[in-house]
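# Commentary on secondary and tertiary structure
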Amino acid sequence: MLLDRFQRNITYLRVSVTDRCNFRCVYCMPAQGIPRRSHEEILTYEEIAEFVRLAVSQGIRRVRLTGGEPLVRKNLVDLVRMLTGIPGIEDLSLTTNAFLLEEYAAPLSQAGLKRVNISLDTRDATRFSRITRGGSFEKVWRGILAAEAAGLAPIKLNVVVVRGMNDDEIIDLARLTLTHPWHVRFIEVMPFGNQQDWGNGFPPYPQRYFSVQEMRTALEPLQLQPVSSTNHNGPAQEYQIPGASGRVGFISPLGEHFCDKCNRIRLTADGRLRPCLLMDTEVPIREAMRSGEELLPILQQAIDLKPEGHELDELKFPEKRKMADIGG
Ligand code: SAM
Ligand code: SF4
């Protein structure tokens with residue numbers, strides 16, 4: 001078991017496989033992108049698999065691949081195949097913007113991937129292109145349908161809600177659960193390397209935050225009913241529109257934060273363990289891997305550095321990396 005100082009059992013590893021992305025979502029990346037890392041700085045698939053094997057032998061049960069955009073890294077299907085071969089992983093999943101999913105959904109499923117989380121902040125193609133700075137809604141939609149056809153389930157759609165960007169669309173997005181057995185999860189925007197002007201008519205920084213309480217109020221006309229459910233993190237509160245096959249959920253890192261239940265650790269694409277998404281502390285592990293050092297003490301050190309909770313309330317924001325560089 002990997003216990004931290006606050007007796008939280010760390011069972012969930014998020015692995016960023018690349019810091020590159022084919023979108024430039026306004027809340028995640030600057031318009032010009034982030035400086036590219038050299039090939040040598042990025043962990044190879046063999047190195048990622050070696051670390052995952054160690055982490056799973058110590059008690060990690062869930063692994064999520066993320067990015068940047070994981071599907072822009074060449075041969076991601078090979079990594080999925082390598083990881084599904086590791087005994088002890090109970091859940092291997094992928095977070096993607098779905099732009100390339102039309103092509104990869106079937107091979108990923110054949111390689112053993114069970115499910116995907118997909119970012120989708122709007123159903124309006126023009127708005128989609130503005131938010132992602134050039135992404136194609138039609139292609140992403142085809143990617144979502146391809147994931148469904150490939151049996152990747154349940155499909156979870158992540159919606160980052162920003163005032164003045166898509167807060168008027170919450171009902172419309174939740175109504176997708178009436179026609180599809182999808183989970184639509186509304187996420188509070190985190191003030192994370194994104195406080196600059198987004199251009200293109202987006203509201204300025206102090207006005208963007210739209211709280212989970214406001215989301216719940218906006219959804220009142222749908223008469224959401226609580227449904228009890230257990231996800232891999234334990235009990236989770238989800239909701240259903242009466243008669244819907246899908247579910248609605250909320251992720252509130254700020255308004256109703258879940259630090260006391262945090263069971264995660266992150267591995268960045270350049271080989272650093274990050275104990276908390278919302279703090280800059282990291283522990284490098286890449287060079288230790290490459291020189292054949294023992295990795296378990298480094299993993300334990302990173303877990304020991306997990307804070308009791310983030311400090312956003314005290315206006316302490318992570319500054320050294322952008323979200324796309326960590327993987328959410
Ligand atoms: N490119 C993939 C995608 O978009 O799904 C995976 C990486 S992305 C960084 C992972 C998740 O982080 C996405 O669901 C995205 O919407 C979310 N995200 C990015 N920036 C965020 C922010 N500032 N606040 C809240 N969520 C954010
Ligand atoms: Fe890329 Fe995902 Fe960030 Fe959008 S949210 S810029 S798709 S990493």
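Scroll up to find the structure.
Residues numbered from 1 in each chain as written. Chains lettered and ligands numbered in written order. Predicted model: local features only at pLDDT ≥ 70, side-chain atom pairs only at ≥ 80, totals over all residues. Heavy atoms only, no water.

## Quick word on the overall build of the protein chain
The secondary structure content of the protein chain amounts to ten helices and twelve strands. Taking 20 Å as the expected radius of gyration for a compact globule of 328 residues, we find that the protein chain reaches 19 Å, a close match to that expectation. Its C-alpha atoms give the protein chain principal-axis dimensions of roughly 55 × 45 × 40 Å. The burial tally for the protein chain puts 56% of its 328 residues in the buried class. Considering only residue pairs separated by 6 or more positions, the protein chain has 75% of its internal contacts joining residues 24 or more positions apart. About 14,200 Å² of surface is accessible on the protein chain, with carbon and sulfur atoms providing 50% of the total. The averaged location of the 41 negative side-chain charges in the protein chain is 2 Å from the averaged location of its 41 positive side-chain charges. (Helix = DSSP H or I, 4+ residues; strand = E, 2+ residues; numbered from the N terminus. Rg over C-alpha atoms; globule rule 2.2 N^0.38 Å. Buried < 20%, exposed > 50% of the residue type's maximum accessible area, 1.4 Å probe, protein only. Contact = heavy atoms within 4.5 Å. Areas by Shrake-Rupley, 256 points an atom, 1.4 Å probe, with all protein chains shown as cover. Lys, Arg positive; Asp, Glu negative; His and termini not counted. Charge placed at Lys NZ, Arg CZ, Asp CG, Glu CD.)

## Points about the pattern of salt bridges
Applying the stated rule across the entire model yields 19 salt bridges. Between Glu282 and Arg274 there is a salt bridge, with its nearest N and O atoms 2.9 Å apart. Each member of the pair, Glu282 as well as Arg274, is classed as buried. (Salt bridge = Lys/Arg side-chain N within 4 Å of Asp/Glu carboxyl O.)

## Digging into the site of ligand 1
Lining the immediate environment of ligand 1, one finds 19 residues, of which Tyr27, Gly68, Glu69, Ser119 and Met190 sit closest. Between ligand 1 and Ser119, the relevant distance is 2.6 Å, taken from an oxygen atom to a side-chain nitrogen or oxygen of the residue. Between a nitrogen atom of ligand 1 and a main-chain N or O atom of Met190, the distance comes to 2.8 Å. The protein chains hide 94% of the 540 Å² of surface that ligand 1 would expose on its own. Of all the secondary structure elements, the ones that give two or more residues to the shell around ligand 1 are strand S3 (91-96) and strand S5 (156-161). For the shell around ligand 1, the per-class residue count stands at six nonpolar, eleven polar and two charged. (Near = heavy atom within 4 Å. Polar contact = N/O pair within 3.5 Å; in protein donor to acceptor, adjacent residues only side chain to side chain. Nonpolar A, V, L, I, M, F, W, Y, C, P; charged D, E, K, R; others polar.)

## A closer look at the packing of helix H1 (residues 45-58) against helix H2 (residues 76-84)
Relative orientation of the contacting elements H1 and H2 amounts to 25°, with a least axis distance of 10 Å. Relative to H2, the element H1 lies roughly parallel. Handedness of the H1/H2 crossing: right-handed. Contacts between H1 and H2 pair Tyr45, Glu46, Ile48, Ala49 and Val52 from the former with Leu76, Leu79, Met82 and Leu83 from the latter. Within the contact of H1 with H2, the residues separate by chemical class into eight nonpolar, no polar and one charged. (Axes fitted to C-alpha atoms, helices over the stretch in contact; angles between N-to-C directions. Parallel < 35°, antiparallel > 145°, perpendicular 65-115°, else oblique. Left-handed = near helix turned anticlockwise from the far one by under 90°.)

## Describing the layout of surface pockets
Space inside the second largest pocket adds up to approximately 400 Å³. Around the second largest pocket, the lining comprises 18 residues; the ones closest to its centre are Arg20, His39, Ile42, Leu43 and Arg73. (1 Å grid on protein atoms, 1.4 Å probe; cavity = no way out; pocket = protein on both sides within 12 Å on 5 of 7 lines; lining within 4 Å. Points joined across faces, edges and corners; volume = space filled by probe spheres on them.)

## Observations concerning the nonpolar core
In terms of nonpolar packing, the biggest core is built from 103 residues, with Tyr27, Phe51, Val52, Leu120, Ile144 and Phe186 touching the most fellow members. Here the element with the most residues in this core is H1; it accounts for eight residues. In this structure Phe51 touches Leu13, Leu267, Leu273, Ile285, Met289 and Leu299, once residues within four positions along its chain are discounted. (Core = buried A, V, L, I, M, F, W, Y, C linked by side-chain atoms within 4.5 Å.)

## Some thoughts on the packing of helix H3 (residues 101-110) against helix H5 (residues 137-149)
The interhelical angle for the contact between H3 and H5, taken along N-to-C directions, is 15°, at an axis separation of 8 Å. Here H3 lies roughly parallel to H5, going by the angle between them. Considering the relative orientation of H3 and H5, their crossing is right-handed. Counting all contacts with H3, which are made through Leu101, Glu102 and Ala105, the residues of H5 involved are Lys139, Arg142, Gly143, Ala146 and Ala147. In the contact of H3 with H5, the residues fall into four nonpolar, one polar and three charged.

## A look at H2
Of the positions making up H2, those classed as buried are Leu76, Val77, Leu79, Val80 and Leu83. Seen along its axis, H2 keeps its buried residues to an arc of 155°; they face one direction. Buried positions along H2 lie against H1, strand S2 (62-66), S3 and H3. (Arc of directions from axis to C-beta.)

## Details of the site of ligand 2
Around ligand 2, the neighbouring residues are Cys21, Phe23, Cys25, Cys28, Met29, Gly68, Asn97 and Ala324. Across the shell around ligand 2, the residue classes break down as six nonpolar, two polar and no charged.

## With respect to the pairing of S2
Extensive coverage of S2 is indicated by the burial of five of its five residues. The alternating pattern of S2 places Arg62, Arg64 and Thr66 on one face and Val63 and Leu65 on the opposite face, and all of these are buried. Sheet analysis places strand S1 (residues 12-16) next to S2, joined by five bridges and oriented parallel. Each residue of the ladder has a partner; that of Arg14, found in S2, is Arg64. As a crossover connection, the stretch from S1 through H1 into S2 is right-handed. Of the strand pairs in this sheet, S2 and S3 are connected by four bridges, and their pairing is parallel. By the bridge assignment, Leu65 is partnered in S3 with Leu94. Following the chain from S2 across H2 to the adjacent parallel S3, one finds a crossover that is right-handed. (Pairing = 2+ DSSP bridges. Right-handed = clockwise from strand over helix to strand, strands pointing away.)

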